[in-house]
Structures are given as structure tokens and as C-alpha cells.
Amino acid sequence: MTTPTPTPTYNAMTLPSNDNVNPYCFSVDLNGQWFTQKGKMIAYYGRIRFEALSAGPLDALVAANFHSPLYAHDWIVASGQGRLLLADRGFDVNSYDLDDGNLTIRAGNLLAFEPGLELKQSIIPGFLTLIGTGRFVAASNGPVHFVEPPIRVDPQALLGWADCPSPCHHYDHSYMRGVLGAARMMFGVGGTSGEEHQFDFTGQGTVLMQSSEVVADEDTLLRDLEGQVGLLGVGGLQRLHRTIGQRLAAERQ
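Residues numbered from 1 in each chain as written. Predicted model: local features only at pLDDT ≥ 70, side-chain atom pairs only at ≥ 80, totals over all residues. Heavy atoms only, no water.

With respect to the helices and strands, the residue Ser68 is situated in the loop between strand S4 (66-67) and strand S5 (75-86). For Ser68, a relative accessible area of 1% gives the class buried. A polar atom in the side chain of Ser68 sits 2.8 Å from the side chain of Gln121. Residues contacting Ser68, with those up to four places away along its chain left out, are Leu119, Gln121 and Leu128. (Helix = DSSP H or I, 4+ residues; strand = E, 2+ residues; numbered from the N terminus. Buried < 20%, exposed > 50% of the residue type's maximum accessible area, 1.4 Å probe, protein only. Polar contact = N/O pair within 3.5 Å; in protein donor to acceptor, adjacent residues only side chain to side chain. Contact = heavy atoms within 4.5 Å.)

On to the pattern of salt bridges. Counting across every chain of the model gives 7 salt bridges. For Arg49, the salt bridge identified is with Glu51, shortest N-O distance 3.3 Å. For Asp97, the salt bridge goes to Arg135, with nearest N and O atoms at 3.1 Å. Here Arg135 lies in strand S9 (residues 127-140) and Asp97 lies in strand S6 (residues 92-106), a separation of 38 residues in the sequence. Exposure remark for Asp97: the relative accessible area of 56% places this residue in the exposed category. (Salt bridge = Lys/Arg side-chain N within 4 Å of Asp/Glu carboxyl O.)

On the surface, a nonpolar cluster with roughly 440 Å² of combined accessible area is contributed by Val229, Leu232, Leu237, Leu240, Ile244 and Leu248. By residue number, the principal contributor to the nonpolar patch is helix H5 (residues 234-252), which donates 4 residues. Examined against the element boundaries, Leu232 turns out to sit in the loop between helix H4 (219-229) and H5. Under the relative-accessibility criterion, Leu232 is labelled partly exposed at 36%. (Patch = residues over 30% accessible without salt bridge, like charges linked within 9 Å, V, L, I, M, F, W, Y side chains within 5 Å. Areas by Shrake-Rupley, 256 points an atom, 1.4 Å probe, with all protein chains shown as cover.)

When we look at a pair of aromatic rings, we describe it by the centre distance and by the angle of the planes. Throughout the structure, instances matching the rule amount to 9 aromatic pairs. Judged by centre distance (4.8 Å) and plane angle (10 degrees), the rings of Phe35 and Phe113 are stacked. Of this pair, Phe35 sits in strand S2 (residues 25-37) while Phe113 is found in strand S7 (residues 110-113), placing the two residues 78 residues apart along the sequence. Given the relative accessible area of 0%, Phe35 is considered buried. For Phe113, a relative accessible area of 0% corresponds to the buried category. By the ring-pair criterion, three or more aromatic residues cluster together here, those being Phe35, Phe66, Trp75 and Phe113. (Phe/Tyr/Trp six-rings, centres within 6.5 Å; stacked < 30°, edge-to-face > 60°.)

Reading across the sheet, the 3 strands line up as S11-S14-S13 and stay open at both edges, with antiparallel pairing between neighbours. Where the open sheet ends on each side, the last strands, each with one partner, are strand S11 (151-153) and strand S13 (168-171). In this sheet, neighbouring strand axes are inclined to one another by 40 degrees on average, regardless of whether the strands run parallel or antiparallel. As defined by bridge partners, S11 adjoins strand S14 (residues 197-201) across 3 bridges and the pair is classed as antiparallel. By the bridge assignment, Val153 is partnered in S14 with Phe199. (Pairing = 2+ DSSP bridges. Axes fitted to C-alpha atoms, helices over the stretch in contact; angles between N-to-C directions.)

See the structure below:
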């Protein structure tokens, strides 16, 4: 009979330094400041305080490193010294290092990053871009796979991309044709599977895929759509109102 391996018990001194505790938890050796997404800190040791980005003493830090107003209220700054434990609902968690590079990642999957990196809002809804040199921590539904373009990726499996152009939408011909295709294009009626709609990557760089089509957080896409509403005039808002009404009616059938 095999004796089970005992589960390790950690303290502030034995926790890993800037490394995984297990596949689902990451330990940050904090000595200064990190940007962290709200709700992703599960525990900490030491003298650490958590402040909203609107806090006055953080003005210079936020002005230099955080340029995504749509997501600003989702983030805080952890300051001080100690060990910060990050996790996200049992998803796989890993850290990545950028060296004078740029990486775009699904907004709901980015857990934390150090101030050496500058965060901007991607032109692709629901994604954020990190630029510069430094470490960040991200979650994925299953292990992450790194692939090179040219490649087409299921939108739900796409985690991000590094050092390559933004993707284009690709729709299969079967999706586009016929009455059903017309209804989908007008109102978004009917599910869109990865077999019908993909993100198309070309050029040089690296694409990151998770091992699942289950997205961690759909609220990020809604946030981007809400951010575009201010660009619409009265006519555009009325048209959007009608389209939403038609979509809701179709979903209730």
C-alpha cells in the first residue's frame, strides 16, 4: 500500500519566492508595489496595504503605468513588504516575464503585474496590453500552449498574443450564407462555435492558447462595449436600443 505524500504546510519563510505554491496559487515576494486585480489575493504575510488606483499618493504610479480607464475600478495597488498569494477560482496560475516586449492578454485572466510594465487597453474588446520589462501573473483554464502564426484560434480558447499584430476576425462561408447567417450577422442570433468563427493571426510572434473553451470572465467584453456607447449620437443610441430589443426577443423564443 502506497503511503500518500503529506501536504506541505507553509509559513512566511518557507513559501516560494516569486514562484508557484502549486498549479493554482502563486506567491509574490513583495518588496515595493504591484498592481493586482480585485478579488485575486487570497492571503498574505507581512506589512501590506491595498489601495484603490484613485488614492492620491498613487497618482504618479498610476499616471506612469496604468492607461485603461474602463478597468481602473477593477484594480488596486499592493504596497509594502511580505508574501502575497494570488489565485483565481481554481484556474491554473503562472507567471511570465517580458523583456522590453509587448503582450496582449484577456483582461479577466490578468491577475497582477509589477510597475516595470505599462498597461494599456487593447483595440480588441476584452483584452489588455502590457508593454515594457517586468513580470506579470495570469490565470488560464487548463495549461497554456504557445504557438506561432499563421494560425486561427477559437475565440474562447485565445488567452493572448505577444510581439505580433492584432488578429482579424475570420468567419467560415457556412456561417455567412443563407437566412440564418443573415440573422446572425444582424442580431447575433445563434451560437458561434470555434468551427464558424476564429481569430486569424499572421506575421511573426507568439500566440497563447488555454486548454479549454471556457472563458474566465465575460464581464470584460461588456465593459468594452459600454465604453463605446459614449461615441454614439442619438440616432446611434436609438438603433442600438432597437437591436438589443430584437436580440432579447430572439433569445426568449
